[in-house]
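Each chain is listed here by its residues.
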Amino acid sequence: MSKYLIRSQAPCRISFSGGGTDLEPFRRLYGGCVISATIDRFAYTSIIPREDKEINIYSLDQDLTLKFRIDDNILLEGELKLVKAVLKHFNGLIKTGLDIYIHADAPQGSGAGGSSAMVVSVIGAFNKLLGDELDNYEIAELACKIERIDCGITGGYQDQYSSVFGGCNFIEFLEGDPLSVIVNPLRLAPSTWHELNYNLILCYTGRIWEGESVIAEQAITAESKKHFYDELKWLTLAMKADLLKGDFTDFAQELLIEWENKKKLSQHITTPNVEELCKTALDNGAKGLKLMGAGGGGFILIYTDFTKRKQTIKALEEAGGQITNFRFTENGLSVWRVKMNGSEVK
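Everything numeric in this text was worked out from a predicted model, so none of it was measured. (Residues numbered from 1 in each chain as written. Predicted model: local features only at pLDDT ≥ 70, side-chain atom pairs only at ≥ 80, totals over all residues. Heavy atoms only, no water.)

Caption draft 1: Region of the structure containing the overall build of the protein. A count of helices and strands for the protein gives 11 helices and 13 strands. Compactness check: the protein gives a C-alpha radius of gyration of 20 Å against a globular reference of 20 Å for 346 residues, within 12% of the reference. A principal-axis box enclosing the C-alpha atoms of the protein has dimensions of 60 × 40 × 35 Å. Classification of the 346 residues of the protein by burial places 56% in the buried group. Long-range pairs, those at least 24 residues apart, make up 73% of the contacts in the protein with a sequence separation of at least 6. Carbon and sulfur atoms make up 50% of the accessible area of the protein, which amounts to about 15200 Å² in all. Taking the average place of the 38 positive charges on the side chains of the protein and the average place of its 46 negative ones, the gap between the two points comes to 3 Å. (Helix = DSSP H or I, 4+ residues; strand = E, 2+ residues; numbered from the N terminus. Rg over C-alpha atoms; globule rule 2.2 N^0.38 Å. Buried < 20%, exposed > 50% of the residue type's maximum accessible area, 1.4 Å probe, protein only. Contact = heavy atoms within 4.5 Å. Areas by Shrake-Rupley, 256 points an atom, 1.4 Å probe, with all protein chains shown as cover. Lys, Arg positive; Asp, Glu negative; His and termini not counted. Charge placed at Lys NZ, Arg CZ, Asp CG, Glu CD.)

Right under this line is the structure:
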């Protein structure tokens, strides 16, 4: 029998609007919605079955190796906690040892959903290994459970669903328990995709996002600041219409309104460094912008007129920003099986 490996890739995402309305307890009390689109920054997993009972996890980005056996009690602490949590979930179903390799394109703490993409990628590879039992909704739901419940990491739910489904989606998070999510793909015109790719700039602040303190504050103020969250939901619906119609003037303005409104949710969302880069962009031709992720750092998404693009980029780089080239992707989680000699198998 030929030796084979399983490989997967799961994309990161750009959140256009609605981030925060997918957080608890607001989501449970009132429901939320977001618009996000996946980009060509991926988390990758490769799994190679072994002939013994050893399980090795190799993080190629961190030059780190963790070693286990199939019957080990895996503790969810320390390094690579999320990957260990996925392994722990599937461990009872694994019959042989495994070599698991992971790496990612986007830096951790960038606000692009990289951690969730990694969880989705690892789940996708295990799902293929064990016979494709889970559908897309089940993979995303499991990713949410592993991050939010098993590992106790605070956050929302858009990243997992966006990474699994891919493309541009209007994602609804229904109120009540248990968590119920509806992913609505947006059929954007090719010209809309081209314009977004042409006019959007992604600027890394040089600092990772500090989501834990931001999310903790938002959980406390979910009811007292309900009107701000409601405004975010209204903006998300308006942006959905503008993207479908190809109205980029209103789209850019809504990005900026969304950012100004989101800053009212927590005093920790923005920083002097972020504000300086935002002002630099707006002073040099940007029409709209917002910080991605929960806040404190990461990527700033900027919409600028194409005639001002080079001017905006130059000014941002002089101010210490780091420009990241990207393209939008139509596909979400992809998993495939490959013979070790390099020829693809189904």
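Caption draft 2: Up close: a nonpolar patch on the surface. Together, Tyr137, Leu174 and Ile182 make up an exposed nonpolar region whose accessible area comes to about 220 Å². Relative to the helices and strands, Tyr137 resides in helix α4 (residues 136-150). On the basis of relative accessible area, Tyr137 is assigned to the partly exposed category, the value being 32%. (Patch = residues over 30% accessible without salt bridge, like charges linked within 9 Å, V, L, I, M, F, W, Y side chains within 5 Å. Salt bridge = Lys/Arg side-chain N within 4 Å of Asp/Glu carboxyl O.)

Caption draft 3: Region of interest: the pairing of strand β5 (residues 98-104). Direction of pairing for strand β2 (residues 32-49) relative to β5: antiparallel, over a ladder of 7 bridges. Pairing of Ile48 across the sheet is with Asp99, part of β5. Pairing of strand β3 (residues 54-59) with β5, which is carried by 5 bridges, proceeds in the parallel orientation. Bridging from a neighbouring strand, Tyr58 pairs with Tyr101 of β5. (Pairing = 2+ DSSP bridges.)

Caption draft 4: Here's a closer look at the pairing of strand β6 (residues 168-174). With respect to burial, β6 is a largely interior element, 5 of its 7 residues being buried. By the bridge criterion, 6 bridges tie β2 to β6 in an arrangement that is antiparallel. Directly across from Ala37, in β6, lies its bridge partner Cys168. Looking at chain direction, β6 and strand β7 (residues 180-185) are connected through 6 bridges and run antiparallel. Bridging across to β7, Leu174 finds its partner in Ser180. Between β6 and β7, which pair antiparallel and follow one another directly, the connecting turn spans 5 residues, one of which, Gly176, has a positive phi of 95°.

Caption draft 5: Here's a closer look at the packing of helix α8 (residues 226-245) against helix α9 (residues 248-262). It is at 10 Å that the axes of α8 and α9 come closest, and there the two elements cross at 165°. The angle between α8 and α9 places the two elements in the roughly antiparallel class. Of the two possible hands of crossing, α8 and α9 adopt the one that is left-handed. In this structure, α8 uses Phe228, Glu231, Leu232, Leu235, Ala238, Met239, Asp242 and Leu243 to contact α9, whose residues at the interface are Asp250, Phe251, Glu254, Leu255, Ile257, Glu258 and Asn261. Split into classes, the residues belonging to the contact of α8 with α9 amount to 9 nonpolar, 1 polar and 5 charged. (Axes fitted to C-alpha atoms, helices over the stretch in contact; angles between N-to-C directions. Parallel < 35°, antiparallel > 145°, perpendicular 65-115°, else oblique. Left-handed = near helix turned anticlockwise from the far one by under 90°. Nonpolar A, V, L, I, M, F, W, Y, C, P; charged D, E, K, R; others polar.)

Caption draft 6: Focus on the sheet that holds strand β11 (residues 322-324). If you trace the 4 strands from one edge of the open sheet to the other, you get β9-β10-β8-β11, paired in antiparallel fashion. Edge positions in the open sheet fall to β9 (286-291) and β11, since each of these has one partner strand only. Taken over all neighbouring pairs, the strand axes of this sheet differ in orientation by 30° on average, direction set aside.

Caption draft 7: Just unusual backbone geometry, in detail. Each neighbour pair has its own omega, and for Glu24 with Pro25 the value is 5°, a cis peptide bond. Looking at the secondary structure, you find Pro25 in the loop between β1 (4-17) and α1 (26-30). With an omega of -5°, the peptide bond running from Asp177 to Pro178 counts as cis. The residue Asp132 is not glycine, and still its phi comes out positive at about 55°. Within the secondary structure, Asp132 sits in the loop between α3 (114-129) and α4.

Caption draft 8: View of the side chain of Thr38. Position of Thr38 among the secondary structure elements: in strand β2. In this structure the side chain of Thr38 is engaged in a polar contact, spanning 2.8 Å, whose partner is the backbone nitrogen of Gly167. At a separation of 2.9 Å, a polar atom in the side chain of Thr38 contacts the side chain of Thr329. Every residue in contact with Thr38, bar those within four places of it in the chain, is listed here: Pro11, Cys12, Arg13, Ser162, Ser163, Gly166, Gly167, Arg327, Phe328, Thr329 and Asn331. (Polar contact = N/O pair within 3.5 Å; in protein donor to acceptor, adjacent residues only side chain to side chain.)

Caption draft 9: Focus on α3. Taking 1.5 Å as the rise per residue, α3 with 16 residues should run 22 Å; its terminal C-alpha atoms sit 23 Å apart, in good agreement. Of all 16 residues in α3, 13 are buried; the element is thus mostly enclosed. Looking at the residues trailing α3, positive phi occurs at Gly131, about 105°. (Expected span 1.5 Å × (residues − 1).)

Caption draft 10: Representation of the state of the cysteines within the structure. For the coordinates displayed, the defined rule picks out 0 disulfides. Cys33 forms no disulfide, and the closest cysteine sulfur to it belongs to Cys168, at a distance of 13 Å. By relative accessible area, which is 6% here, Cys33 ends up buried. With no disulfide of its own, Cys203 lies closest to Cys278 among cysteine sulfurs, the gap being 8.7 Å. The exposure class assigned to Cys203 is buried, which follows from its relative accessible area of 0%. (Disulfide = S-S within 2.5 Å.)

No statement about biological role is implied by the geometric values presented.
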